[in-house]
Amino acid sequence: MATLPPPQWPSLLLLLLLPSPLPVSGMDDAAFPHLGESSQPPTRACPPRCSCPRADTVDCDGLDLRVFPDNITRAAQHLSLQNNQLQELPYNELSRLSGLRTLNLHNNLISSEGEGAERGSPSGAVGPTDSGLRRYPLPPPHLRAALWHFPELPFAEQDGNSGAGFPAQSCGAAGSPDSPSTQDQARGPFTAPNPPGLPDEAFESLTQLQHIYVAQNKLSVAPQFLPRSLRVADLAANQVMEIFPLTFGEKPALRSVYLHNNQLSNAGLPPDAFRGSEAITTLSLSNNRLSYLPPSLPPSLERLHLQNNLISKVPRGALSRQTQLRELYLQHNQLTDSGLDATTFSKLHSLEYLDLSHNQLTTVPAGLPRTLAILHLGRNRIRQVEAARLHWGRGLRYLLLQHNQLGSSGLPAGALRPLRGLHTLHLYGNGLDRVPPALPRRLRALVLPHNRVAALGPRDLAATPGLAELNLAYNCLASARVHRRAFRRLRTLRSLDLAGNQLTRLPMGLPTRLRTLRLQRNQLRMLEPEPLARLDQLRDLNLAHNRLRVGDIGPGTWHELQALQVLDLSHNELSFVPPDLPEALEELHLEGNRISHVGPEAFLSTPCLRALFLRANRLHMTSISAEAFLGLPNLRVVDTAGNPEQVLIRLPPTTPRGPRAGGP
């Protein structure tokens, strides 16, 4: 086709805009190739190597594609192109797929159009916002597809690259619409005006698109325009530094926006970014570079993720309209007491979950809503908890205060009394030297490991008779300072963790409903029947890393542990398998001891045994009797690695063997 001089393209455009073309002989024939149509045979229904399980679905996932498929059916509604190596999206191909509802481009190499140059400028010489420049609007999508067949027009696209409008012309002597600029002449009439990538107009023809996934690409700016029909937009894990008013604005059906793991600062987030999108319920802005909570967030939000930013303050009124917000994530920021005030959270009448952990707070924030069920304040610098700051918290269920600086005086008696419905309290790593007094009566789980608690008196736990879980691991408890009635009121206790203390014998008066008892890494030197009496519901007993010898285990110690299924005696000083182990035992840990012999009667009392761990002992090839495992039909695992010699174990058959065929 001969190239038309530039002055003639407006006439051609006018001709194309005429409502009804003049009749030409043969044009009424259905076989006649009309303008915008190809005379080639129809394209195949499914691109090569892709799968099309339904007429409206094209799946090209993980095919290492480098070029956008050019023969996708126009009927496609769901297009999967994730996990490929696409670098650009040609407008002329996307514009054909006007019925798309789902477009998945996750994990490709797509960059923003004009990457490396000024966005919108053909070669980076000038930017699109310079006052002396103007850009002509693109023709409507239905005409642009037709004009694709006339590459001499200055806004036509070439080789899959999309144009961004008429070439920029400076006003005055530098050029006019009728005289191409020197830059245009140097570029030539057939050169696409922008480098490959994601053109601004890429999605404007997809008027039915509902779900778009462009996560894990190389976008530095968000698309300037996304379809009004959108419901879910995922641009996470790119390098996005800027979004635009119509990227997510004016989308009445939009419900979820994912922008985490980008490089967004407050300057790249316009104040009208979500205007006209009043249905957004989930917004993820975590792992960006925000320094304060963005204003003008959608009032419809239910979940807001802002963790892992640089936020040091929440401006007054920033959360005043989000009355439907249920979950707010602000952990791993730089929030201080001065960055919040009594009104910051006061309007959040539906808030149930608030995470302020890993910040720089020294007190519990004021004005928290009564609807909170979970409050996470771990890893701050809180030194004092005052009852006045918790007067709202009758409905609070979980309070996490781990790794703060409460010390011996930071949690005075009655400080937590307003929390009448509290279920779980986490206080580990706070330097506490005793169990806090006057805890909420309905407390079910008290987690206090890695403190300095050295004693348990008869009334220290009396205020919490409903405890089901008590964790006092890695404190400074010695047997002489644990009162025999310390656990007397804990009649519903199911789990007790006393690992990592300085106990030399089992505590007396253990609750009879215990199911889990952890005493590893103490200094136990003896086991007596009395502390374990009446523990007929105990299922898991951990005694690892102590100083127990077989002679230190009194006769009848295991007698009442009728439900015990897991027993860990590893890393002690046992020289053989302890006798008379519980009958219900299924898992026995004896690794890291001094066992040199396993006799034929070692496991007669444990017919239910499934797993036996004997590694790192003193066993040799002949140390284990061949009859030791008889009568153990459920045994599946015997671990003997790490002994002086390799010990081969032959497990008994799982089912009785029948007579051989042809036998007597």
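Residues numbered from 1 in each chain as written. Predicted model: local features only at pLDDT ≥ 70, side-chain atom pairs only at ≥ 80, totals over all residues. Heavy atoms only, no water.

This part takes up the overall build of the chain. Looking only at helices and strands, the chain has 6 helices and 24 strands in total. The buried share among the 664 residues of the chain stands at 49%. A fraction of 52% describes how many contacts in the chain between residues 6 or more apart in sequence connect residues 24 or more apart. Surface accessibility of the chain: about 31,500 Å² in total, with carbon and sulfur atoms responsible for 50%. (Helix = DSSP H or I, 4+ residues; strand = E, 2+ residues; numbered from the N terminus. Buried < 20%, exposed > 50% of the residue type's maximum accessible area, 1.4 Å probe, protein only. Contact = heavy atoms within 4.5 Å. Areas by Shrake-Rupley, 256 points an atom, 1.4 Å probe, with all protein chains shown as cover.)

Before going further, it helps to spend a moment on the state of the cysteines. Following the criterion strictly, the structure yields 2 disulfides and no others. Residue pairing for C46: its cysteine sulfur links by disulfide to C52, the two sulfurs lying 2.1 Å apart. Between C46 and C52 the sulfur-sulfur dihedral comes to about 90°; the bridge is accordingly right-handed. We classify C46 as buried; its relative accessible area is 19%. A sulfur-sulfur separation of 2.0 Å characterises the disulfide bridge that pairs C50 with C60. As the torsion about the S-S bond is roughly 110°, the C50-C60 disulfide counts as right-handed. (Disulfide = S-S within 2.5 Å.)

This part takes up the nonpolar core. In this structure, F487 and L543 are the most contacted members of the largest nonpolar core, which totals 148 residues. Leave out the neighbours within four places in its chain, and F487 touches L456, L461, L470, V482, L496, L498, P507, M508, G509, L510 and P511. (Core = buried A, V, L, I, M, F, W, Y, C linked by side-chain atoms within 4.5 Å.)

Turning to unusual backbone geometry, a few remarks are in order. With a phi close to 55°, N287 is a non-glycine residue in the positive phi region. Considering the arrangement of structural elements, one finds N287 in the loop between β9 (282-284) and β10 (303-305). Even without being glycine, D580 reaches a positive phi, approximately 55°. Topologically, D580 is positioned in the loop between β21 (566-568) and β22 (587-589). Its relative accessible area of 62% is what places D580 among the exposed residues.

Position of P436 relative to the elements: it lies in the loop between β15 (424-426) and β16 (445-447). Leave out the neighbours within four places in its chain, and P436 touches L411, L427 and L448.

Before going further, it helps to examine the environment of T516. Mapped onto the elements of the fold, T516 is located in strand β19 (residues 516-518). T516 gets classed as buried once you look at its relative accessible area, which sits at 17%. Each C-alpha atom of the pair T516 and D540 lies 4.8 Å from the other, and the pair is 24 residues apart in sequence. With residues near it in sequence (within four places) discarded, T516 still touches R494, S495, L496, L538 and D540.

Positive charge collects at one region of the surface, where R370, R394, R420 and R442 lie side by side. Position of R394 relative to the elements: it lies in the loop between β13 (374-376) and β14 (398-400). Of the residues examined, R394 reaches a relative accessible area of 53% and is grouped as exposed. (Patch = residues over 30% accessible without salt bridge, like charges linked within 9 Å, V, L, I, M, F, W, Y side chains within 5 Å. Salt bridge = Lys/Arg side-chain N within 4 Å of Asp/Glu carboxyl O. Lys, Arg positive; Asp, Glu negative; His and termini not counted. Charge placed at Lys NZ, Arg CZ, Asp CG, Glu CD.)

A word on the packing of aromatic side chains. The description of an aromatic ring pair uses the distance of the two centres, along with the angle that the planes make with each other. Across all of its chains, the model carries 3 aromatic pairs by this definition. Pairing F248 with F274 gives two aromatic rings, centres 6.2 Å apart and planes at 15°, and the pair type is stacked. A residue pair is termed long-range when its members are at least 10 positions apart, and F248 in helix α5 (residues 245-248) and F274 in the loop between β8 (256-258) and β9 qualify at 26 residues. For F248, a relative accessible area of 0% puts it in the buried group. (Phe/Tyr/Trp six-rings, centres within 6.5 Å; stacked < 30°, edge-to-face > 60°.)

Attention shifts here to the pattern of salt bridges. Scanning the entire structure with this criterion turns up 10 salt bridges. Note that R316 and D341 form a salt bridge whose closest N and O atoms lie 3.3 Å from each other. Here D341 lies in the loop between β11 (327-329) and β12 (353-355) and R316 lies in the loop between β10 and β11, a separation of 25 residues in the sequence. A salt bridge links E586 to R610; the shortest N-O distance between them is 3.9 Å. In this pair, E586 sits in the loop between β21 and β22 while R610 sits in the loop between β22 and β23 (611-613), placing the two residues 24 residues apart along the sequence.

Along the chain, K251 turns up in the loop between α5 and β8. Despite its burial, K251 pairs with no opposite charge; the closest candidate is E250, at 7.8 Å N-O. Polar contacts involving the side chain of K251 include one to the main-chain carbonyl oxygen of L246, which spans 2.8 Å. When residues no more than four places from it in sequence are discounted, the contact partners of K251 are L226, P227, R228, L246, G276 and S277. (Polar contact = N/O pair within 3.5 Å; in protein donor to acceptor, adjacent residues only side chain to side chain.)

All right, on to the environment of L390 then. Mapped onto the elements of the fold, L390 is located in the loop between β13 and β14. The exposure class of L390 is buried, given its relative accessible area of 1%. Considering only alpha carbons, one finds L390 and G367, 23 residues apart in sequence, at a separation of 8.9 Å.

Looking at the chain, pLDDT values average 84 and 79% of them are 70 or higher. Every residue in residues 116-194 is under pLDDT 50, and counting partners more than four places away or in other chains gives 138 contacts. This stretch, residues 656-664, has a pLDDT under 50; its non-local contacts, to residues over four places away or in other chains, come to 1 contact. (pLDDT = per-residue confidence, 0-100.)

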